[in-house]
Amino acid sequence: MPFLQYKYHTPHPTFLLEHSSPLSLNPTPFSSGFSAHSLSFRHFTYRYFHILFPTKLSVEPLAQHLQVVVHWCLKEEMVESDTKLPFSMDSDPPFEETYKTLFENSIEESKINRANQILITCEKCELPLIDIGRLSMGELEREECKKEIARASQEWGFFQVINHGVSSEILEDMRSKQMQVFKQPFRLKTNHQYLNLSAGCYRWGTPTATCLSQLSWSEAFHIPLMDISSSGGLPTTLSSTMGQFAATVSDLAQRLVEILAEEMGHKSTFFKEKCLPSTCYIRMNRYPPCPTSQIFGLMPHTDSDFLTILHQDQVGGLQLVKDGRWIAVKPNPEALIINIGDLFQAWSNGVYKSVQHRVVTNQKVERFSTAYFLCPSYDAVIESCVEPSLYRKFSFREFRQQVQEDVQKLGYKVGLPRFLV
């Protein structure tokens, strides 16, 4: 069962008493000693610890020394509860402290940003919206749907799909579970034993950033599908939810890449053979409120995969390049967003476009999204399906290594231009 552990640090001896019951902690006696705010937790019951103080001590001087540290650890089953708990918890990564030097240099950088107009966007825009339920209809409807998918991949590199086969229940449950995960204390999330994931799965900020424009104000769990299905890993309900999400979006991804290959005149088995559950990833993203609009939630980039499927909330913030301009994508609650990755652009010899995109920050509201990345094995060789080829042959491992090297040296990804013939 999940539990909350409260430690009240004081200069006086304290005693802990474990107590299990519905949440009813009342911080009023100590309200002068710390500030608390309310946060709603769903799908949980808790075990928590009360503090017993020696009765001869008065509350007032004790309250002056109170400091609350909360550890919230997911362990096993999660039970429905709508209880609101007042507490103080530092779940956000220490962005301002870690990148203090970048903030100190931000005045001069702000002038450069305004000169370059890097944050100027046009009005929100509807991505091409495709009802892929038509793939199950008659031949004319099916063929027209396929052509729309190919056309959007060529002209936009992005499109939305509805009637995609991923139930609203799965998507809502996925959102709920990832919110619970991200609300943990930061120092707990940085411990890979927290969810029994591989080291490095939890990521935040941009370690290589040398200026604010290179900093991503976000945190994420980048999880191989193998970690979801492995025994003894994620909490049961989280693993089950992610497993359902991964299975349904994996099927959708395979359907889409097969259609795109067919529209290129290739009935290839490459994607089924090379893009296996063991090589694909799910990334749960959270974008905390940010104090300044100078910082991106996710800095401009292209995806280093074949295809990405994104489920986002309704806060908005996703932007992409179209006709040389940044445009803001208007959220659609019924749609999943699909975008072409670098590997598909190389495989299609530039026919399908891997488009630069980013996430802008919000100063008041946090944003959540979940992405599925269709990736091959690291040893898979990527080569254009038509000649003459724009790109030389390369392995996915080589591509990833080049990207990492560029980010380390330059602060940003170069990507496919490195592999032009």
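The structure under discussion appears in the preceding block.
Residues numbered from 1 in each chain as written. Predicted model: local features only at pLDDT ≥ 70, side-chain atom pairs only at ≥ 80, totals over all residues. Heavy atoms only, no water.

Give a detailed account of the overall build of the chain, specifying residues and quantitative values.
Helix and strand counts for the chain stand at 12 helices and 21 strands. The buried share of the chain, taken over its 421 residues, is 53%. Contacts in the chain between residues far apart in sequence, at least 24 positions, make up 82% of those at least 6 positions apart. Accessible surface, the chain as shown: approximately 20,100 Å² in total, 51% of it carbon and sulfur. (Helix = DSSP H or I, 4+ residues; strand = E, 2+ residues; numbered from the N terminus. Buried < 20%, exposed > 50% of the residue type's maximum accessible area, 1.4 Å probe, protein only. Contact = heavy atoms within 4.5 Å. Areas by Shrake-Rupley, 256 points an atom, 1.4 Å probe, with all protein chains shown as cover.)

Kindly report on the side chain of lysine 322, identifying the contributing residues and their values.
Within the secondary structure, lysine 322 is located in strand S15 (residues 318–322). Non-local contacts of lysine 322, meaning those with residues more than four positions away in its chain, are made with Glu155, Trp156 and Ile327.

How would you sum up the pattern of salt bridges? Please name residues and give values.
In the structure shown here, the tally under the stated rule is 20 salt bridges. For lysine 272, the salt bridge identified is with glutamate 258, shortest N-O distance 3.6 Å. Placement of the pair is lysine 272 in helix H10 (residues 270–274) and glutamate 258 in helix H9 (residues 236–263), with a sequence separation of 14 residues. The exposure class assigned to lysine 272 is exposed, which follows from its relative accessible area of 55%. What you see here is one network of salt bridges that share partners, running through Asp92, Lys183, Lys189, Glu219, Arg286 and Glu366. (Salt bridge = Lys/Arg side-chain N within 4 Å of Asp/Glu carboxyl O.)

Please set out the nonpolar core residue by residue, giving values where relevant.
Within the largest apolar cluster, 93 residues are counted, with the highest numbers of intra-cluster contacts made by Phe221 and Phe306. Take this core: its biggest share by element is 12 residues, from H9. Not counting residues within four places of it along the chain, the set of residues in contact with phenylalanine 221 comprises Val181, Phe182, Lys189, Tyr194, Leu195, Leu197, Cys201, Tyr202, Ile282, Arg283 and Met284. (Core = buried A, V, L, I, M, F, W, Y, C linked by side-chain atoms within 4.5 Å.)

Residues and numbers for the sheet that holds strand S13 (residues 296–301), please.
Two modes of strand pairing occur in sheets, parallel and antiparallel, and in both the strands are linked by backbone hydrogen bonds. Here 5 strands make up an open sheet; going across it, the order is S7-S16-S15-S18-S13 and the pairing mixed. Both outer strands of the open sheet, strand S7 (124–125) and S13, are each paired with one neighbouring strand and no more. Relative to strand S16 (residues 325–329), S7 is paired through 2 bridges, and the arrangement is parallel. When the bridges of S16 are listed, cysteine 125 appears paired with valine 329. (Pairing = 2+ DSSP bridges.)

Provide a residue-level description of the pairing of S15, including the pertinent values.
In terms of residue burial, S15 counts as a mostly covered element, since 4 of its 5 residues are buried. Sheet topology places S15 next to strand S18 (residues 357–360); 3 bridges connect them, and they run antiparallel. Residue leucine 320 lies in a different strand from S18, and its bridge partner there is histidine 357. With 4 bridges joining them, S15 and S16 adopt antiparallel strand pairing.

Provide a residue-level description of the sheet that holds strand S10 (residues 202–204), including the pertinent values.
With respect to topology, 8 strands assemble into an open sheet ordered S8-S9-S17-S14-S19-S12-S11-S10, the strand pairing being mixed. Strand pairing shows two members of the sheet lacking a second neighbour, strand S8 (129–131) and S10, which therefore form its edges. The average angle at which neighbouring strand axes cross in this sheet is 25°, direction not considered. Sheet analysis places strand S14 (residues 307–312) next to strand S19 (residues 367–374), joined by 6 bridges and oriented antiparallel. From the neighbouring strand, leucine 307 faces S19, where its bridge partner is leucine 374. Docked against the sheet, helix H6 (residues 168–182) engages strand S11 (219–224), strand S12 (281–287), S14, strand S17 (336–340) and S19, running at close to 110° with respect to S19. Packing against the sheet, H9 makes contact with strand S9 (158–162), S11, S12, S14, S17 and S19, and its axis sits at approximately 55° to S19. (Axes fitted to C-alpha atoms, helices over the stretch in contact; angles between N-to-C directions.)

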